[in-house]
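Close look at the chain arrangement
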Amino acid sequence: MQRAVRPVGAGRSRPLLTLALVLTLVAGGFAAWAGQDWYRAAHDDRAGYAAQRDAALSAGEQAVQNLNTLDHRELKEGLDLWESSTTGELHEQLASGRDEFAAQVKEAKTVSTARVLSGAVTELDDRAGRARVLVALRVTVEAADGAKTDKDSRMLGELTRTDGRWKLSALGQAPVGGTSTG
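A few points on the structure. For clarity, every value in this text was computed on a predicted model and none was experimentally measured. (Residues numbered from 1 in each chain as written. Predicted model: local features only at pLDDT ≥ 70, side-chain atom pairs only at ≥ 80, totals over all residues. Heavy atoms only, no water.)

**Details of the overall build of the protein**
Worth spelling out the cut-off: By the criteria applied, helices consist of DSSP H or I runs no shorter than four residues and strands consist of E runs no shorter than two, each listed in order from the N terminus. It is over C-alpha atoms that the radius of gyration is taken, and the globule rule equals 2.2 Å times the number of residues to the power 0.38. Each residue's exposure class comes from its accessible area (1.4 Å probe, protein chains only) as a fraction of the maximum for that residue type: buried when under 20%, exposed when over 50%, partly exposed otherwise. In what follows, a contact means two residues having at least one pair of non-hydrogen atoms within 4.5 Å. For the area figures, the Shrake-Rupley method with a 1.4 Å probe applies, and any residue is considered shielded solely by the protein chains shown.
Of the regular secondary structure elements, the protein holds five helices and five strands. Element order for the protein, N to C, with α for helix and β for strand: α-α-β-α-α-α-β-β-β-β. Relative to the compact-globule value of 16 Å for 182 residues, the protein shows a C-alpha radius of gyration of 32 Å, a clear excess of over 25%. Projected onto the principal axes, the alpha-carbon positions of the protein cover approximately 125 × 40 × 40 Å. For the protein, buried positions account for 24% of its 182 residues. Sequence-distant contacts in the protein: of pairs separated by 6 or more residues, those separated by 24 or more amount to 51%. When the accessible area of the protein is evaluated, it comes to approximately 13100 Å², of which 54% is carbon and sulfur surface.

**Points about the layout of surface pockets**
What counts here: Using only the protein atoms, space was sampled on a 1 Å grid; points where a 1.4 Å probe fits but cannot get out form cavities, open sets with protein on both sides within 12 Å along at least five of seven lines form pockets, and lining residues are those with an atom within 4 Å of a point. Grid points are joined across faces, edges and corners, and a volume is the space filled by probe spheres set on the points. Only Asp, Glu, Lys and Arg are considered charged, only Ala, Val, Leu, Ile, Met, Phe, Trp, Tyr, Cys and Pro nonpolar, and every remaining residue, Gly among them, polar.
For the largest pocket, the calculated volume is near 400 Å³. Surrounding the largest pocket, 19 residues form its lining, Leu67, Asn68, Trp82, Ser112 and Val139 being those nearest its centre. Only α4 (88-96), α5 (98-108), β3 (130-142), β4 (148-162) and β5 (165-173) provide two or more residues apiece to the lining of the largest pocket. A per-element tally of the lining of the largest pocket places β4 first, with five residues. Residue classes in the lining of the largest pocket are distributed as eleven nonpolar, six polar and two charged.

**Side note on the pattern of salt bridges**
Quick note on the threshold: Salt bridges are defined as contacts in which a side-chain nitrogen from Lys or Arg sits within 4 Å of a carboxyl oxygen from Asp or Glu.
Throughout the structure, instances matching the rule amount to nine salt bridges. A salt bridge links Asp71 to Arg73; the nearest nitrogen and oxygen atoms lie 2.8 Å apart. Given a relative accessible area of 17%, Asp71 falls into the buried group. Each of Lys76, Asp80, Glu83 and Arg98 takes part in a single network of salt bridges with overlapping partners.

**Notes on the nonpolar core**
The following threshold applies: Side-chain atoms within 4.5 Å link the members of a nonpolar core, which is a set of buried Ala, Val, Leu, Ile, Met, Phe, Trp, Tyr and Cys residues.
Formed by 23 residues in total, the largest nonpolar core has its most connected members in Leu137, Leu159 and Leu168. Sorting the residues of this core by element identifies α2 (45-67), α3 (75-84), α4, α5, β2 (111-125), β3, β4 and β5 as the ones contributing at least two each. At five residues, the largest contribution of residues to this core is made by β3. Not counting residues up to four positions away in its chain, the partners in contact with Leu137 are Val64, Asn68, Ala114, Arg115, Val116, Leu117, Lys151, Asp152, Ser153 and Met155.

**Here we look at the environment of Glu158**
With respect to the helices and strands, Glu158 occurs in strand β4. For Glu158, a relative accessible area of 31% translates into the label partly exposed. Once the C-alpha coordinates of Glu158 and Thr122 are considered, the two residues, 36 residues apart in sequence, prove to be 9.9 Å apart. The contacts of Glu158, once residues within four sequence positions are left out, are Ala131, Arg132, Lys167, Leu168, Ser169 and Ala170.

**A closer look at a nonpolar patch on the surface**
Our working definition: Patch membership needs two things, relative accessible area over 30% and no salt bridge, and members are linked within 9 Å if like-charged or within 5 Å if nonpolar (Val, Leu, Ile, Met, Phe, Trp, Tyr).
Taken together, the side chains of Leu16, Leu19 and Leu23 present a nonpolar region at the surface, about 340 Å² in accessible area. Following the sequence through the fold, Leu23 ends up in helix α1 (residues 15-42). Overall, the relative accessible area of 52% leaves Leu23 in the exposed class.

**Section: the packing of α3 against α5**
The geometry of a pair of packed helices is captured by two quantities: the angle between their axes and the separation between those axes. In plain terms, the rule: Between N-to-C directions, angles cover 0 to 180 degrees, with each direction set by a line fitted to C-alpha atoms, over the stretch in contact for helices. Angle categories: roughly parallel below 35 degrees, roughly antiparallel above 145, roughly perpendicular from 65 to 115, and oblique for all the rest. It is the rotation of the near helix from the far one that decides the hand of a crossing: anticlockwise by less than a right angle makes it left-handed, clockwise makes it right-handed.
At a minimum axis separation of 11 Å, α3 and α5 run at an interaxial angle of 140 degrees. Considered as vectors, α3 and α5 are oriented oblique to each other. For the crossing formed where α3 meets α5, the hand is right-handed. Touching Leu75, Lys76, Leu79, Asp80, Trp82 and Glu83 of α3 are Arg98, Phe101, Ala102, Val105 and Lys106, all from α5. Taken together, the residues of the contact of α3 with α5 sort by class into six nonpolar, no polar and five charged.

This is how it looks when you write it as C-alpha cells:
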C-alpha cells in the first residue's frame, strides 16, 4: 500500500488570510450600519424642523431688535426697516401711524439702540407657517441732551412665514413672573 503524499503546509491554517477575511467582514458590517444610520438621518423630518426653528428664531430676534432701534437722524431708513420686518396687522398699524410717530421722534430727538440678550422659540407650526418667540433685549435710549438710559425687557413676538421669510405679525411685552413680598 502506498501512502498519499501531502503538500507541505496543507493542514496548517493561514492566519493572515483568516485575519483579512475577518477584517473585511467587520468593515462591511460597519459600512452597512453607517450607511443605514446616514440614510435615516438624511430622511428624518426633525432636521428640517430644526432648520425652520433656527430660521424663525434668527428672524424673530432680528425683527424685535429692528423694532426697538430707531435714530431720529435716519428716521426714514429706520421706519422702512420696521415695515420690512413686519407683516399682517402689525405692518398695517406701523404703516398707518408712521407720519404721526415720525413727528414725535423728530421732536424728541432720541436715538434708541437695541441689543438681543437671548431668545427662544416657544411655539412652531412649520406647516401653518406660524411661530412665537420670546426675546430678551437691552434697549439704550439716548436723549437729545446726551443722557443715556438702559432698559432690559422681554418681548413676545408672533411670526408668520411670508414668501419663504419669517416676519413679525404681532409684538408685545412679556409678563414678568413673580411678585415681591414684604
